[in-house]
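Residues per chain are reported as follows:
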Amino acid sequence: MKRLLTVLALSMLAGAASADELRIGTSADYPPWESVDASGNIIGFDKDVGDEICKRIAATCNWQNQAYDGLLPGLQVGKFDLVISGVSINDERSQKVDFSVAYADAPNAIVTAPGSDAASAKSAADLAKALGKAAIGVQSGSTHEQVIRAHFPDADVRVYDRPDQIADDLVAGRIDAGLMERSAWEPLIKDRGADKLAYAGPLLTSADFPEFGKGQGVAMGKGKTELKTKVDGAVDAMLKDGTVKTIAEKWFGYDISKK
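What comes next concerns the included structure. In this text, all values refer to a predicted model and were calculated from it rather than measured experimentally.

A separate point is the packing of helix 2 (residues 45-56) against helix 10 (residues 243-251). Running from N to C, helix 2 and helix 10 point in directions that differ by 155°, and their axes come no closer than 9 Å. Regarding the angle of helix 2 to helix 10, the classification is roughly antiparallel. For the element pair helix 2 and helix 10, the recorded crossing hand is right-handed. Here Phe45, Asp48, Val49, Glu52 and Arg56 of helix 2 lie close against helix 10, whose contacting residues are Thr243, Val244, Ile247, Ala248, Lys250 and Trp251.

This next bit is on the environment of Ala38. By secondary structure assignment, the location of Ala38 is in the loop between strand 2 (35-36) and strand 3 (42-43). In this structure the C-alpha to C-alpha distance between Ala38 and Pro210, which are 172 residues apart in sequence, comes to 37 Å.

Turning next to the side chain of Asp46. Here Asp46 shows up in helix 2. For the buried residue Asp46, which engages in no salt bridge, the nearest side chain bearing the opposite charge is Arg93, 11 Å off. Apart from the residues within four sequence positions on either side, Asp46 is in contact with Trp33, Glu34, Trp63, Ile84, Ser85, Gly86 and Tyr103.

A separate point is the state of the cysteines. Tallied over the entire structure, the rule returns one disulfide. Covalently, Cys54 is tied to Cys61 through a disulfide, its sulfur atoms 1.8 Å apart. With the S-S dihedral at roughly -95°, the linkage between Cys54 and Cys61 falls on the left-handed side. Relative accessible area serves as the criterion here: at 4%, Cys54 is assigned to the buried category. Among the residues examined, Cys61 registers a relative accessible area of 22% and is labelled partly exposed.

Below, the discussion takes up the sheet that holds strand 1 (residues 21-26). Read from one edge of the open sheet, five strands run 4-1-5-12-6, paired in mixed fashion. Of all the strands in the sheet, just strand 4 (60-65) and strand 6 (98-99) have a single pairing partner and so form its edges. Strand direction decides the pairing type here: strand 6 and strand 12 (residues 219-220), joined by two bridges, are antiparallel. Bridge pairing in strand 12 links Asp98 to Met220. Together, strand 1 and strand 4 form the strand contacts of helix 2, whose direction differs from that of strand 4 by roughly 155°.

Because each turn of an α-helix spans 3.6 residues, side chains separated by three or four positions in sequence point in the same direction. The set of residues buried in helix 6 (residues 143-151) consists of Thr143, His144, Glu145, Gln146, Val147 and Ile148. Where helix 6 is buried, its residues meet helix 4 (91-94), strand 7 (108-112), strand 8 (135-139), strand 9 (156-160) and strand 10 (177-181).

Here the focus is the sheet that holds strand 7. Strand order in the open sheet formed by five strands is 9-8-10-7-11, with mixed pairing between adjacent strands. In this open sheet, the two edge strands, each paired with only one partner strand, are strand 9 and strand 11 (198-204). Between one strand and the next, the sheet's axes are offset by a mean angle of 25°, whatever the strand orientation. Inspection of the sheet shows strand 7 paired to strand 11 by four bridges, in the antiparallel sense. Along strand 11, the bridge assignment pairs Asn108 with Leu204. Relative to the sheet, helix 5 (residues 124-131) contacts strand 7, strand 8, strand 10 and strand 11, its axis offset from that of strand 11 by approximately 140°. Here helix 7 (residues 163-172) sits on the sheet and contacts strand 7, strand 8, strand 9 and strand 10; the angle it forms with strand 10, its principal contact strand, is near 150°.

Each value, and the rule that gives it
Residues numbered from 1 in each chain as written. Predicted model: local features only at pLDDT ≥ 70, side-chain atom pairs only at ≥ 80, totals over all residues. Heavy atoms only, no water. Axes fitted to C-alpha atoms, helices over the stretch in contact; angles between N-to-C directions. Helix = DSSP H or I, 4+ residues; strand = E, 2+ residues; numbered from the N terminus. Parallel < 35°, antiparallel > 145°, perpendicular 65-115°, else oblique. Left-handed = near helix turned anticlockwise from the far one by under 90°. Contact = heavy atoms within 4.5 Å. Buried < 20%, exposed > 50% of the residue type's maximum accessible area, 1.4 Å probe, protein only. Lys, Arg positive; Asp, Glu negative; His and termini not counted. Salt bridge = Lys/Arg side-chain N within 4 Å of Asp/Glu carboxyl O. Disulfide = S-S within 2.5 Å. Pairing = 2+ DSSP bridges.

The quantities given are spatial measurements derived from coordinates; they are silent on function.
Printed below as a string of structure tokens:
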């Protein structure tokens, strides 16, 4: 009987420990949001935000690198407890997973080769008209893919696993334009040269296309009320005390925290 009680006690302790261990899914191919350094460690804005959330809710977090289009499906089947990967909160995704309050709100940009007709576009509608039947690169499973498919009806949508592939194909002339967050374009343009890649038209937000959603949030499984309450509390506190702003300025050089 004593042995049985000991086993039960150990089992309860293991259950309590596992309750404080969270598996975080991310797609570490989107610097400065998240990437892998020379030592194989995940680094970036989202990594720092996630680590701070874990610290504030007293959880041990295990980061797992996964292709972006597999993140939310993985969350739905229980592979992850949280997804922190610059995921924009929109109505379509909110039907499948729950989100924390938004911690960031990043603008998006179309990039083309220098001299494109789209360079002088003054509005989102102008961009769609100027690009017409252009081949436009987007990351698979992203809100950028949703926007191009919904609002650029004549475009030839090209889907990629990673942002750097979009930039490389644009430089090589295999596509005419690409759409992603402005912050993700910045290191790609710096690396490849402003003589090869140029911003076209205005920055784009949810005011232009509702698919961009309500900012970036932490995704979690439906109905995880206790977990959501903890994460929401941590994010709210980090926004109020300026922690997210400080982390953003470290990685982007400017503030993208949710206002």
